[in-house]
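Observations on the three-dimensional arrangement
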Amino acid sequence: MTRYNPKEAEPRWQARWEDGKAFEARPDPDGKKYREKYYVLEMFPYPSGRIHMGHVRNYTMGDIVARYKRARGFNVLHPMGWDAFGMPAENAARERGIHPAIWTYENIATMRGQLRAMGLSIDWARELATCDPEYYGHEQRMFLDFLERGLAYRKESSVNWDPVDETVLANEQVIDGRGWRSGALVEQRQLTQWFFKITAYADDLLTSVNALERWPEKVRLMQSNWIGRSEGLRMRFAITGAGAKQLPGNGELEVYTTRHDTIFGMSFCAISADHPIALALASGNPAIAEFNKQCRDIAGTAEALERAEKLGFDTGLRVRHPFDANRDAPIYIANFVLMGYGTGAIFGCPAHDQRDLDFARKYGLTVLPVVAPEGGAGITIENDAYTDNSDGRLINSDFLNGMDIAAAKAEVAKRMQAAGAGEPAVTFRLRDWGVSRQRYWGCPIPVIHCAACGVVPVPEDQLPVTLPRDVTFDKPGNPLAHHPDWKHVACPACGKDAVRETDTFDTFVDSSWYFARFCTPHAAAPIERNEADYWMPVDQYIGGVEHAILHLLYSRFFTRAMKEAGYARDAEPFAGLFTQGMVTHETYKDETGAWLFPEQIIKREGGAVHRDTGAPVQIGKIESMSKSKRNVVDPEAIIAHYGADTARWFVVSDTPPERDIEWTESGIEGAWRFTQRVWRLVDESLARLPAGHSAPPIAIGPASLAMRKATHTAIAAVTEDIERFHFNRAVARIYELSNSINGFINQTKADDGAGFALREALESMILLLGPMMPHLAEECWAALGHSTMLVHENWPLADAALTRQDQVTIIVQVNGKRRGELTLAPGTANNEIESRALAMEAVARHMDGKTARKVVIVPDRIVNVVV
RNA sequence: GCCCGCUUGGCGGAAUCGGUAGACGCAAGGGACUUAAAAUCCCUCGGUCGUAAGGCUGUGCCGGUUCGAGUCCGGCAGCGGGCACCA
């Protein structure tokens, strides 16, 4: 008996696949139209240095789909690339003095080797890295097209500014109001930045997401909530008193509300600290200026905001109630009103909005309930606003009294419209996408700023605008801005001295179109439509849920923009999406509370000890693998020890792919045992197998027939499970088949057709596990006497005649409780089933001498005698 | 706070349409082979009563619909995720 040695076999098969260009994707092969395309893509990795188990899981799933679809006759595109721009490369430069490009390309080389060792069926000829000018030059080109179409624009916007590092921080880089690296207090700064007009597609992005049937419901919902459509009324109130006309808005305050039914409960209006009126007032009033600044500083830090008290500043201005000339309400500047949403101004109805209520209580404003719950005995408001917006009738509201909420809304909208003081409005939560980053390691934004001509696009023949290589990271701020000469250029329009834009793109821009570039990765244009139209959209996209909103939404926007600029046929990039769960592991701490790596501990009965010192180890929670908690297992070490197939098998066994999986030592051991078991089954069978391609035997014995049935049942089940992404179930079905084969081999006598049945069973099992364990499958396939590679084989087909059961077990119940079973031919008539059931001793016993009141029969399944 | 999801043996999980709850794997226990170990193979494995046959009970908790509920409906609890002054 020989043992399977993955260390030797895996590189050998990888080389053979490569030599045979087995995974090279060609559009429309042989000029024929009958092979349907299938584009499977996993989210490309950031080249951090080494692959982690999350990558192994993600890429194994994608590879299963790719190999399966290939075997089903599809023309499969399965590429790989690198999301290669981003901060860690600059951090490495600052900390270790290594150039971002060197660091990045070294990491790519390492990780490419690791991915290759996994035996993924990838078309490496299409590999790309976003930090390559060959890639980002096309991005710049498309940006200029977007600019021309008004899909990209510049505006001033406030950012989190770290005054020590002289850099803009993302929200998640601000911790307790301080920069994550410098620890300096973060300020809000107004900067002119580039934006993509994603809001232009807000409605389309929202309605279309619901049509993406092959996306998880959860992701569609998250996107819907993120876009956040609301229907309401925009209305204008007259500001009373002298001088009102001089204010922005020409004497009117425009507010947006979705609760116009509560207009009679209005006790104040509030405007944002950035509202034009607030800004106008601030210029003549230091107290207001100070208050506005305070609001902005709080707004910068998400955490502080959470507990922040409602604060207001009474402007002294008042608005007249639109339906009651005798009523008016004060205008406050309030810290909880956002300039970026609606009109930046609201009317406050404390009785029916919690924020308004908190504010009103603090400043002693009137709280008048105007909606009472249906059929209720009146309403009083203490500390909780009545915010139900579907159940209730209007009170204290003049002509609205007695109406339900919907009717009251309609009535108010009608009257405001008639008065020319309001109109229905749809508002989105979604904001335009700010893409400027004050960093070096990103795609340069291809524009030039000229004192005379303004913003001038870099002419096409000067693209790509490449990053200068000679940069220093010895001082804070953006190295591109510090570079002695890179930014100084002649204005393309007038020829005078001008400067380049030194901001680079958010790396989400790079990942918003890489899937399209994969279709024609070497084209001179960003996209070659003929080929791209053939491959796009991605049929199956696979990645982590953490990208459920931003990456996927940005890609959906970008594809729409590309379509508008003529680079794409379809608006939606990803027809099918699967979000896989994370890989978790137990955590370990020593006596001092320091985290320990899994390989530093030994498990003992009831606990664990340190491998070297023998000191007790505390076993902590099972958490997502992370370097900081040291609960990581290195894929390279696992592959070196067990081989790629075992690792691949483990990450799809037992746990449904969308859920978090726990990595365990015993789990990988179990997978390893199965790897060897498959080889052994094949190896031990060789002596008793007939040659390949023999016809089914004319006579077949009962054991061999049962084997054939088990084989075809497994084929049918595994096929369906892979189609539905139930890899863990497919694995279970393959285990069952291997158990059947093992039993078949171990039985003493071989009946008619045994050799044929055994070969069929083994070959089917090998074909079925091929997508999961491709190297082992090739090795077995060759051992079974095949000279061609398994990657070129077709997927096995289940013979319906062999998956049909010829005996069914019918459960016999009395009053819904299981009392026995009948084994009958499928399709047995109901009266036959009934009489057989009633004849059973166990049934008679539990009927207790009573007569059957009713007999419920589900053919081939169950019979229930009710007494 | 709002929205969404989940809850099944010691563990991961299976049960596609309301019809045998616990497939398959892991762990555990017993046995075979072996000088021994490893590897491998066989058996047992929700709880409980019983020598057994066979009962009873059991899918987070309470209630409902149904001949029949892990599955459907209502309520509650716990865990997880998303959003979070979005008017």
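Treat the numbers as computed from the prediction; the structure is a model and nothing was measured. (Residues numbered from 1 in each chain as written. Chains lettered and ligands numbered in written order. Predicted model: local features only at pLDDT ≥ 70, side-chain atom pairs only at ≥ 80, totals over all residues. Heavy atoms only, no water.)

**Re the overall build of chain A**
Quick note on the threshold: Numbering of helices and strands starts at the N terminus; helices are DSSP runs of H or I of at least 4 residues and strands are runs of E of at least 2. Exposure classes here rest on a 1.4 Å probe applied to the protein chains alone. A residue is buried below 20% of its type maximum, exposed above 50%, and partly exposed in between. What makes two residues a contact is simply this: any of their non-hydrogen atoms within 4.5 Å.
Helices and strands together make up the secondary structure of chain A, namely 27 helices and 37 strands. Along the longest, intermediate and shortest principal axes, the C-alpha atoms of chain A span 110 × 85 × 70 Å. A total of 867 residues make up chain A; the buried ones form 53% of that total. Restricting the contact set of chain A to residue pairs at least 6 apart, pairs at least 24 apart contribute 71%.

**Observations concerning the protein's contact with RNA strand B**
How we decide: Here a residue counts as near a molecule or strand whenever at least one of its heavy atoms sits within 4 Å of it. Any pair of nitrogen or oxygen atoms within 3.5 Å is treated as a polar contact; in protein, a donor-acceptor pairing is required on top of that, and neighbouring residues in sequence qualify only through side-chain atoms on both sides.
Residues in contact with RNA strand B amount to 55 residues; listed here are only the nearest, Thr 258, Arg 355, Arg 729, Glu 736 and Asn 864. Near the protein, meaning within 4 Å, the atoms of RNA strand B are sugar or phosphate in a fraction of 69%, with bases accounting for the rest. Within the contact set of RNA strand B, a sugar or linking oxygen lies 3.1 Å away from a side-chain nitrogen or oxygen of Ser 666. Within the side chain of Asn 739, one N or O atom sits 3.3 Å away from a phosphate oxygen of RNA strand B.

**Description of the sheet that holds strand β22 (residues 454-457)**
Strand pairs in the sheet, formed through backbone hydrogen bonds, run parallel or antiparallel to each other. Condition: Whether two strands pair comes down to DSSP finding at least two bridges between them. To obtain an axis, a line is fitted to C-alpha atoms, over the contacting stretch when the element is a helix, and the angle between two such axes runs from 0 to 180 degrees between their N-to-C directions.
With respect to topology, 4 strands assemble into an open sheet ordered β22-β21-β24-β23, the strand pairing being antiparallel. Each edge of the sheet is formed by a strand with only one pairing partner; in this case those strands are β22 and β23 (488-490). Direction aside, the axes of adjacent strands within the sheet are offset by 40° on average. Taken together, the 3 bridges between β23 and strand β24 (residues 497-500) define a ladder with antiparallel strand orientation. Residue pairing for β24: Ala 490 is matched across the bridge by Asp 497.

**Some points on the pattern of salt bridges**
Here is the rule we go by: Salt bridges are counted wherever a side-chain nitrogen of Lys or Arg sits within 4 Å of a carboxyl oxygen of Asp or Glu.
Tallied over the full model, the rule gives 48 salt bridges. Between Asp 634 and Arg 50 there is a salt bridge, and its shortest N-O distance comes to 3.1 Å. Note that Asp 634 is positioned in the loop between β32 (616-624) and α18 (635-642) and Arg 50 in the loop between β1 (37-42) and α2 (53-71), a separation of 584 residues in sequence. Judged by its relative accessible area of 30%, Asp 634 falls in the partly exposed class. We classify Arg 50 as partly exposed; its relative accessible area is 39%.

**Description of the sheet that holds strand β9 (residues 187-196)**
Here we have 4 strands laid out as an open sheet, ordered β6-β5-β9-β19, and antiparallel in their pairing. Looking along the sheet, the strands with just one partner apiece sit at the ends: β6 (167-169) and β19 (433-434). Sheet topology note: the strand β5 (residues 152-162)/β9 ladder contains 10 bridges and is antiparallel. Across the sheet, residue Tyr 153 finds its bridge partner in β9, namely Phe 195. Strands in contact with helix α5 (residues 133-148) are β5 and β9; relative to β9, the strand with the most contacts, it is inclined by about 90°.

**Quick word on α18**
Note the threshold: It is the directions from the helix axis to the C-beta atoms whose arc is reported.
Residues Pro 635, Ile 638, Ile 639 and Tyr 642 constitute the buried set of α18. Seen along its axis, α18 keeps its buried residues to an arc of 95°; they face one direction. Where the residues of α18 are buried, they touch α1 (6-19), α2, α4 (100-117), α19 (644-652) and α20 (665-685). A positive backbone phi angle near 95° is found at Gly 643, which sits one or two residues after α18.

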